Amino acid sequence: MKRKNLGKALALAVLTGALAIAAGCGSSAKDSGSGDGGKRVIHVAHTNYYVPYDFVNENGESDGFEVAVMKEVAKKLPQYEFEFTPTSDDDLLIGVESGKYDVGTKGIWITDARKKKYVFPKNNIGASVIGLVIRKDTENEIHDLPSFAQFSGKLVPIAPQDARYMVIDDFNKEHADTPIKLTSSESFQVSDAYSWVMEGRYDGYLEVELSYKNNIQKDSAPYHQFNDRLTYIRYKGIPTYPIFNKKEQKFADAYDKAIEELRAEGKIAELEQKYFGESLSNYIQ
């Protein structure tokens, strides 16, 4: 009987140990990828400065139009738990590519180079407005890109890998008779571009409107001294997208479904009014 009882005790000890190991493995899996209720944790990176798209507000909270949209997406996807991480441009791009983050938002445009590194969803999250910085003494002759092309077409060079290069390249394909002079650039400071336009070396600089406002128009802008000599002409809206890690196609598909619902419900338009005071999506057309 003693030998039989000893065997039972040993069997019980082995079973207890196995259950403890299994419990430990379950705990480890939850720590690495599961949230409350066993939901999968989605790590969302966003830039910490790009007001009003993605930033950290005065209360230290993740905020901005794209962040707000992603929070609404989270409500539509109860199978996921979203965790937002404010960070730098480089960390966001490298982090999403490496899998440190599952998705990232920073007012991103689609380019061929980016499509090789990330999954882009079918539906954009928002839009940014692109246009021309010109001298005020030419504003009576330059009203849009076609009139700029006829005036001189002398545009500050753009790096081929820059999404803005594609904007002008597309314009030139549609206006083959009066193209804009599109030349590749070496690296330069944005202040150089503004100076070159003011000096007459070039007659226009293709710029995102938000960057122009932050760099020149605001009273506290670093180049506000140029405000009395430069002005801005809107061209069109460019769709912006979140980028997903290459392994996150399923999650990107879920995002697409949620965005379609939010747009149909008018939530996207409501958030555009809150953060921009207008619907930038209207400029995409």
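Our structure is the block above this text.
Counting starts from 1 at the beginning of each chain's written sequence and moves along it residue by residue. Only residues with pLDDT of at least 70 get local features here, since the model is predicted, and only at 80 or more are side-chain atom pairs given and counted; chain-wide, interface and lining totals rely on the full set of residues. Water and hydrogen atoms play no part in the side-chain values, which are based on all heavy atoms of the structure.

1. Points about the sheet that holds strand β4 (residues 62–63)
Rules: Paired strands, as defined in this entry, are two strands with at least two bridges between them according to DSSP. Helix numbering and strand numbering both begin at the N terminus, where a helix is a DSSP run of H or I of at least 4 residues and a strand a DSSP run of E of at least 2.
On the basis of which strands lie adjacent, the open sheet formed by 3 strands has the order β2-β3-β4 and antiparallel pairing. Looking at which strands have only one partner, the edges of the open sheet turn out to be β2 (49–50) and β4. Pairing of strand β3 (residues 54–56) with β4, which is carried by 2 bridges, proceeds in the antiparallel orientation. Looking at β4, one finds that Phe 55 is bridged to Asp 63.

2. Quick look at helix α6 (residues 163–174)
The following threshold applies: Helix span, as expected, comes to 1.5 Å for every residue beyond the first. Partly exposed residues are those whose accessible area sits between 20% and 50% of the maximum for their type, while under 20% is buried and over 50% is exposed, using a 1.4 Å probe and protein chains only. Here a residue-residue contact requires only that any non-hydrogen atoms of the pair lie within 4.5 Å. The term polar contact refers here to a pair of N or O atoms within 3.5 Å; inside protein, the definition further demands a hydrogen-donor-capable atom paired with an acceptor-capable atom, and it admits residues adjacent in sequence only when both atoms are side-chain atoms.
The end-to-end C-alpha separation of α6 is 17 Å, in line with the 16 Å expected for 12 residues at 1.5 Å each. Three or more residues of α6 are buried, namely Ala 163, Arg 164, Val 167, Ile 168, Phe 171 and Asn 172. Contacts made by the buried residues of α6 are with β7 (126–135), α5 (145–151), β8 (205–208) and β9 (230–244). Between a side-chain oxygen at the N-terminus of α6 and the backbone nitrogen of Arg 164 the separation is 2.8 Å; the capping residue is Asp 162.

3. Focus: the packing of aromatic side chains
In plain terms, the rule: Stacked, tilted and edge-to-face are the three classes assigned to paired rings of Phe, Tyr and Trp, where Trp is represented by its six-membered ring and a pair needs centres within 6.5 Å; plane angles under 30 degrees give stacked, over 60 edge-to-face, the rest tilted. Charge-over-ring contacts are defined here by two conditions on Lys NZ or Arg CZ: a distance within 6 Å of the ring centre and an angle within 35 degrees of the ring normal.
All chains considered together, the criterion is met by 17 aromatic pairs. A ring pair is formed by Tyr 53 and Phe 276, whose centres lie 5.0 Å apart and whose planes are at 55°; its orientation type is tilted. Of the two residues, Tyr 53 sits in the loop between β2 and β3 while Phe 276 sits in helix α10 (residues 267–276), which places them 223 residues apart along the sequence. Through a chain of ring-to-ring contacts, three or more aromatic side chains come together here, namely Tyr 80, Phe 82, Phe 84, Phe 244, Phe 251 and Tyr 255. Seen from the ring of Phe 84, Lys 71 lies directly overhead, with NZ or CZ sitting 5.7 Å from the centre.

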